[in-house]
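Here is how the chains run, residue by residue.
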Amino acid sequence: MTGTFLDQVRKELHIRNFCCNYRKPDRFVRSQWQLQPKNVFYLLWRIVLAAFFISAVITSMASLTPEDFRFYFIYLTNWGIILCMITSVYGAILVTYWHFNSRYADRISECNDMPFAFKFYWSIHNIILNVSIVITVIYWSILHTDSMPISATNVMTHAFNSVLMFVDMLIMAYPLRLYHGIQPILLGVVYVIFSIIYYYAGGKNKFDQPYIYNVLDWSSSDPKKNVVTVVGTLVLSMAIHLVLFGVYRLKVFLHRKCVHTDKSADLPTAPSSAAPNSRISMVLGSYEYDNTAFSGSTEKI
């Protein structure tokens, strides 16, 4: 048992896992829990998730006065909800195209190299999954006060953002890598640099104060608070990523125990009831087109 665990750790820490490469690109358009290459419920989930975050961004903007809207893009909360929208919409587009374009689905099922579109999707999903939870934790534990109303917009941008991204992580099929914890940290570094530039450019928040957040006040004569904020957020992000990785490994374990499939279960195969010379469409019906994603001769990738 110990040997198996150590082997898994060594495999996870292999340098190849630092990059966004994966030998089964079709995992990025599939759910962990679906048994067939395509699943309409997963497609609906992606569309509903995208629709929610689009409405969340629109609501968060519409709730502001023209004066307050000038400051919309300086807050990390709004960076986060916009990234949630971009990620969910991008994912919905990829899954929809996979679901309805059989030739594209075949190419993805047979290729060994990750398309750039999937690498980009993997990266932004890694970033916003972590950052949305960081935003939720910091907001409700440090920034929120009793004088702040708990409105629908507030809940959507500071609670539902992390809850829905976490649920999405439980549903999705592609892996979570330990090394990828650096990606949300890089976004944090970008935001810190932005806040410094914004301060020295004379920027102020909507309350006419010379900072965006009071825990990141570059006008303060005591820099310790800023150092504590940056280092503390860094540690929080790393801790969240470790927890998420543990949840991901638990999800994989439960999948292996609950979904009784063999080692080739991740590979699309032809249904046993199909005629020897028939091919099954990846969308709905039988066609003469040779769909290798459902062919018994599909090679491992």
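Here is what the cut-offs are and how they apply
Residues numbered from 1 in each chain as written. Predicted model: local features only at pLDDT ≥ 70, side-chain atom pairs only at ≥ 80, totals over all residues. Heavy atoms only, no water. Helix = DSSP H or I, 4+ residues; strand = E, 2+ residues; numbered from the N terminus. Contact = heavy atoms within 4.5 Å. Buried < 20%, exposed > 50% of the residue type's maximum accessible area, 1.4 Å probe, protein only. Polar contact = N/O pair within 3.5 Å; in protein donor to acceptor, adjacent residues only side chain to side chain. Axes fitted to C-alpha atoms, helices over the stretch in contact; angles between N-to-C directions. Parallel < 35°, antiparallel > 145°, perpendicular 65-115°, else oblique. 1 Å grid on protein atoms, 1.4 Å probe; cavity = no way out; pocket = protein on both sides within 12 Å on 5 of 7 lines; lining within 4 Å. Points joined across faces, edges and corners; volume = space filled by probe spheres on them. Nonpolar A, V, L, I, M, F, W, Y, C, P; charged D, E, K, R; others polar. Core = buried A, V, L, I, M, F, W, Y, C linked by side-chain atoms within 4.5 Å. Left-handed = near helix turned anticlockwise from the far one by under 90°. Patch = residues over 30% accessible without salt bridge, like charges linked within 9 Å, V, L, I, M, F, W, Y side chains within 5 Å. Areas by Shrake-Rupley, 256 points an atom, 1.4 Å probe, with all protein chains shown as cover. Salt bridge = Lys/Arg side-chain N within 4 Å of Asp/Glu carboxyl O. Phe/Tyr/Trp six-rings, centres within 6.5 Å; stacked < 30°, edge-to-face > 60°. Expected span 1.5 Å × (residues − 1).

Caption draft 1: Broad picture of the overall build of the protein chain. Each helix and strand in the protein chain was counted, giving nine helices and zero strands. Contacts in the protein chain between residues at least 24 apart in sequence constitute 77% of all its contacts with a sequence separation of at least 6.

Caption draft 2: Examining the environment of histidine 241 more closely. Topologically, histidine 241 is positioned in helix α9 (residues 224–258). What makes histidine 241 buried here is its relative accessible area of 6%. Here the alpha-carbon distance between histidine 241 and leucine 176, two residues 65 residues apart in the chain, equals 9.1 Å. A polar contact is formed between the side chain of histidine 241 and the backbone nitrogen of glycine 181, at a distance of 3.2 Å.

Caption draft 3: Layout of the packing of helix α4 (residues 76–100) against helix α5 (residues 102–110). Where α4 meets α5, the axes come as close as 5 Å, and the angle between the chain directions of the two elements is 105°. The orientation of α4 with respect to α5, classified from their angle, is roughly perpendicular. Residue-level inspection shows Leu94, Tyr97, Trp98 and Phe100 of α4 in contact with α5, the latter providing Ser102, Tyr104, Ala105, Ile108 and Ser109.

Caption draft 4: Examining empty space enclosed by the protein more closely. Taken as a whole and assessed by the stated rule, the structure comprises one cavity of 30 Å³ or more. By volume, the largest cavity is sized at about 40 Å³. Here the residues of the lining of the largest cavity are counted per class, giving seven nonpolar, one polar and no charged.

Caption draft 5: Representation of the nonpolar core in the model. Counting residues in each nonpolar core, the largest one holds 58 residues, and the members touching the most others are Phe53 and Phe118. Secondary-structure elements contributing two or more residues to this core are α2 (40–62), α4, α5, α6 (116–143), α7 (152–171), α8 (182–200) and α9. Tallying contributions element by element places α6 first for this core, with 13 residues.

Caption draft 6: Fine view of the side chain of threonine 87. Note on placement: threonine 87 falls in helix α4. On the basis of relative accessibility, which here comes to 1%, the residue threonine 87 falls in the buried class. Filtering out sequence-adjacent residues up to four positions away, threonine 87 remains in contact with Tyr121, Ile124, His125 and Ile128.

Caption draft 7: Structural detail: the packing of α4 against α7. Close contact between α4 and α7 brings their axes to 10 Å; oriented N to C, the two are set at 40°. On the basis of the axis angle, α4 is oblique to α7. In the packing of α4 onto α7, the handedness of the crossing is left-handed. Two secondary-structure elements touch here, α4 through Thr77, Ile81 and Cys84 and α7 through Met156, Thr157, His158, Asn161 and Met165. Split by residue class, the contact of α4 with α7 holds four nonpolar, four polar and no charged.

Caption draft 8: Main features of a nonpolar patch on the surface. A cluster of nonpolar side chains, Ile15, Phe18, Ile182 and Leu186, forms an exposed patch at the surface whose accessible area comes to about 390 Å². Locating isoleucine 15 in the fold gives a position in the loop between α1 (2–12) and α2.

Caption draft 9: Spatial organisation of the packing of aromatic side chains. Across all of its chains, the model carries 24 aromatic pairs by this definition. On the numbers, 5.0 Å between centres and 65° between planes, the contact of phenylalanine 28 with tryptophan 122 is edge-to-face. Placement of the pair is phenylalanine 28 in the loop between α1 and α2 and tryptophan 122 in helix α6, with a sequence separation of 94 residues. Relative accessible area serves as the criterion here: at 0%, tryptophan 122 is assigned to the buried category.

Caption draft 10: Just α6, in detail. Its 28 residues place the ends of α6 38 Å apart at the C-alpha level, agreeing with the 40 Å of an ideal helix rising 1.5 Å per residue. Buried residues dominate α6, accounting for 20 of its 28 residues.

Caption draft 11: The arrangement of the side chain of asparagine 226 in detail. With respect to the helices and strands, asparagine 226 occurs in helix α9. Contact partners of asparagine 226, with chain neighbours within four places excluded, come to Val215, Leu216, Asp217 and Trp218.

Caption draft 12: Here's a closer look at α8. Compared with the 27 Å implied by 1.5 Å per residue over 19 residues, the 27 Å span of α8 between its first and last C-alpha is a close match. Listing the buried residues of α8 in full gives Gln183, Pro184, Ile185, Leu187, Tyr191, Val192, Ser195 and Tyr198. Those residues of α8 that are buried lie in contact with α4, α6 and α9. Backbone geometry just downstream of α8 places glycine 202 in the positive-phi region, at approximately 90°.

Caption draft 13: Local environment of the pattern of salt bridges. All chains considered together, the criterion is met by four salt bridges. The salt bridge involving aspartate 168 is made with arginine 46; its shortest N-O contact spans 2.9 Å. Note that aspartate 168 is positioned in helix α7 and arginine 46 in helix α2, a separation of 122 residues in sequence. Classification of aspartate 168 as buried rests on a relative accessible area of 0%.

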